[in-house]
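# Chains, contacts and geometry: an overview
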Amino acid sequence: MTNMRPPNKTILLKVVILGDGGVGKSCLMNRFVSNRFDENSFHTIGVEFMNRDIEVDGEKYTLQIWDTAGQERFRALRTPFYRGSDICLLSYAVDDRDSFKGLIQWREEFLKYADVKVEHFPFIVVGNKCDVESQQRKVSLEEVSSWCQELHVSSFIETSAKNATNVHEAFVLAVRQWQRLEKSTEREMHAHGETIDLTKSVKLPSQKISCCAAAGSAQNSRSNSPAMFSNNRHENF
Ligand SMILES: Nc1nc2c(ncn2[C@@H]2O[C@H](COP(=O)(O)OP(=O)(O)OP(=O)(O)O)[C@@H](O)[C@H]2O)c(=O)[nH]1
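Calculation rules
Residues numbered from 1 in each chain as written. Predicted model: local features only at pLDDT ≥ 70, side-chain atom pairs only at ≥ 80, totals over all residues. UniProt positions renumbered as here; feature names shortened; annotations may be inferred. Near = placed C-beta within 6 Å. Helix = DSSP H or I, 4+ residues; strand = E, 2+ residues; numbered from the N terminus. Buried ≥ 20, exposed ≤ 12 C-beta atoms within 10 Å, placed from the backbone. Core = buried A, V, L, I, M, F, W, Y, C linked by C-beta atoms within 7 Å. Contact = placed C-beta atoms within 7 Å. Pairing = 2+ DSSP bridges. pLDDT = per-residue confidence, 0-100. Expected span 1.5 Å × (residues − 1). Arc of directions from axis to C-beta.

Going by the annotation in an unreviewed UniProt entry, the name recorded for the protein is small monomeric GTPase, with Tabanus bromius given as the source organism. Check the Sequence similarities (unreviewed entry) section of the UniProt entry for the protein; it says "Belongs to the small GTPase superfamily. Rab family." Here is the UniProt Catalytic activity (unreviewed entry) comment for the protein, exactly as written: "GTP + H2O = GDP + phosphate + H(+)".

Laid out in structure tokens, this is it:
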């Protein structure tokens, strides 16, 4: 089998961000795509997405980032958009213990509606708001690390959308995790004598599309050294 992707072809990856309401999903997307931060970010209703092109290890990617509504009442509006995802960021806020505990449900909800195989799917755990004072921190690195090991999630990173810490790095980590899994899938297909055709062109939406108009009440805002790991080794960005 050969990888039939032409050189310099841009790869479109659908990245979905999940997590409880208020952990900072919209802010992470906006920081990554527009390098902006909004202290008074509104609750997302349904889903929104934005595109950003990046290059990782010499390969070009268009990341189509789907920001979902974390509030339970919007469940039916967000779940239809999980299908076709290439990467899932499971996000919590380091100052919100319940949002960390909620990760298990987010993972289950994603697996149910995206209809993907867990062993072949790149989940990345993102602990946002790492800018908060240490006394406000409610989730330790050890806890996250053992949670990730238990659920075979190999990448974890702490971010701050507020001060831009590790936001770009989180998406690069996600792409690298996707690359690793893609290579292992290619190896498996090779072992079974199958061929994959990566030459088909993909039509990209050009701009931000709001599938459900964002509205609602403004939320209240809610320095530690950020951490990350990936497959038990450090990443260089
Ligand atoms: N201190 C701090 N506050 C943040 C950070 N990221 C987001 N916030 C604040 O957290 C609040 C919620 O942010 P959002 O991005 O709207 O949260 P969300 O996860 O998209 O929420 P839903 O749309 O309801 O699911 C806002 O007041 C942000 O200003 C961060 O890195 N640090």
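### Some remarks on the site of the ligand
Among the 26 residues in the neighbourhood of the ligand, the closest are listed as G21, G24, S41, T44 and G70. No other element matches the 3 residues that helix 1 (residues 25-34) contributes to the shell around the ligand.

### As for helix 1
In terms of residue burial, helix 1 counts as a mostly covered element, since 8 of its 10 residues are buried. Remark: N35 follows helix 1 within two positions and exhibits a positive phi of approximately 55 degrees.

### Some details on the nonpolar core
Residues L89, I124 and A174 are the most contacted members of the largest nonpolar core, which totals 48 residues. Residue contributions to this core peak at 7 residues, all from helix 6 (residues 167-191). Not counting residues within four places of it along the chain, the set of residues in contact with L89 comprises V15, I17, L18, I124, V126, A170 and A174.

### Section: the pairing of strand 1 (residues 11-18)
Note: strand 1 against strand 3 (residues 59-68), 7 bridges, orientation parallel. For V15, the partnering residue across the bridge sits in strand 3 and is I65. As paired elements, strand 1 and strand 4 (residues 87-93) share 4 bridges and run parallel to each other. Bridge pairing in strand 4 links I17 to L89.

### Some words on the confidence of the model for the protein
Model confidence for the protein is summarised by a mean pLDDT of 83, while 77% of its residues fall at 70 or above. Counting contacts from residues 205-224, a segment whose pLDDT is below 50, to residues more than four positions away or on other chains yields 38 contacts. For this predicted complex, the interface confidence comes out at an ipTM of 0.99, alongside a pTM of 0.83.

### Focus: helix 4 (residues 103-114)
In this model, helix 4 (12 residues) spans 16 Å end to end at C-alpha, consistent with the 16 Å of a helix rising 1.5 Å per residue. When helix 4 is considered as a whole, its buried residues turn out to be L103, W106 and F110. The buried residues of helix 4 occupy one face: seen down the axis, they fall within an arc of 55 degrees. Exposed side chains of helix 4 directed beyond 90 degrees from the buried face belong to Q105, E108 and K112. Those residues of helix 4 that are buried lie in contact with strand 1, strand 4, helix 3 (97-101) and strand 5 (123-128).

### Brief notes about the environment of V33
For V33, the position within the fold is in helix 1. When the 17 C-beta atoms within 10 Å are taken as the criterion, V33 is described as partly exposed. Measuring from C-alpha to C-alpha, the distance between V33 and Y92 comes to 20 Å, with 59 residues separating the pair along the chain. V33 has contacts with M50, R52 and I65, leaving out every residue within four places of it along the chain.

### Some thoughts on the environment of R75
Looking at the secondary structure, you find R75 in helix 2 (residues 75-78). Considering only alpha carbons, one finds R75 and E150, 75 residues apart in sequence, at a separation of 26 Å.

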